[in-house]
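Each chain, written out:
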Amino acid sequence: MTKGCTHIAGIQDVTPSARGCEECLKSGSRWLHLRICRTCGHVGCCDDSPNRHATAHFHATGHPVIEGYDPPEGWGWCYVDEVLFDLSKRKTPHDGPIPRYY
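This is a predicted model, so every value here is computed, not measured. (Residues numbered from 1 in each chain as written. Predicted model: local features only at pLDDT ≥ 70, side-chain atom pairs only at ≥ 80, totals over all residues. Heavy atoms only, no water.)

### What to know about the state of the cysteines
Which entries qualify depends on this criterion: Disulfide assignment relies on a single distance test, namely cysteine sulfur atoms paired within 2.5 Å.
All told, the structure shown has 0 disulfides when counted by the stated rule. Counting only cysteine sulfurs, Cys-21 is the nearest neighbor of Cys-24, a cysteine outside any disulfide, at a range of 3.6 Å. Not part of a disulfide, Cys-37 finds its nearest cysteine sulfur in Cys-40, a span of 3.8 Å.

Here it is in structure tokens:
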């Protein structure tokens, strides 16, 4: 499943930046699902959410890999190489309850 991704080796164990989408929590916006950046721990909302903060974080920083985070789903995605891969043995744990905004 990791064929073609050049960023797998750079995946970090991270601390979540927030208990929900960092920007949505600040603005009072809603999200559908969460993604966590496996470079810095930024928590953003998915592309099915109105604001697409996880992808915006990638475009702003170039951090290539996210993890499905709400709930920890066990998969990763590389924006650069457009590759889905297994993170089931390296899920980022929640540090408390995740608010629901959908």
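### Section: the pairing of strand β3 (residues 65-69)
Remember that side chains alternate between the two faces of the sheet whenever the strand is regular. Formally: Note on exposure labels: buried denotes an accessible area under 20% of the residue type's maximum, exposed denotes more than 50%, and partly exposed covers the range between, all computed with a 1.4 Å probe on protein chains only. Here a strand is any run of E in DSSP of at least two residues, a helix any run of H or I of at least four, and the numbering for each starts at the N terminus. By this definition, two strands are paired if DSSP reports at least two bridges between them.
Burial analysis of β3 places 5 of its 5 residues in the buried class, the great majority of the element. In this sheet, β3 lies alongside strand β1 (residues 34-37) in antiparallel orientation, the contact comprising 3 bridges. When the bridges of β3 are listed, Cys-37 appears paired with Ile-66. As judged from the 4 bridges shared by β3 and strand β4 (residues 72-78), these two strands associate in the antiparallel manner. Across the sheet, residue Val-65 finds its bridge partner in β4, namely Cys-78. Two successive antiparallel strands, β3 and β4, enclose a turn made up of 2 residues.

### Observations regarding the confidence of the model for the protein chain
For any part of a model where pLDDT is low, the fine detail of the predicted coordinates should not be relied upon. Applied cut-off: Predictor confidence is given residue by residue as pLDDT, running from a minimum of 0 to a maximum of 100.
Averaged over every residue, the pLDDT of the protein chain is 91; residues scoring 70 or more account for 95%. No element of the protein chain has a lower mean pLDDT than β4, which averages 92, and none a higher one than helix α2 (residues 53-61), which averages 98.

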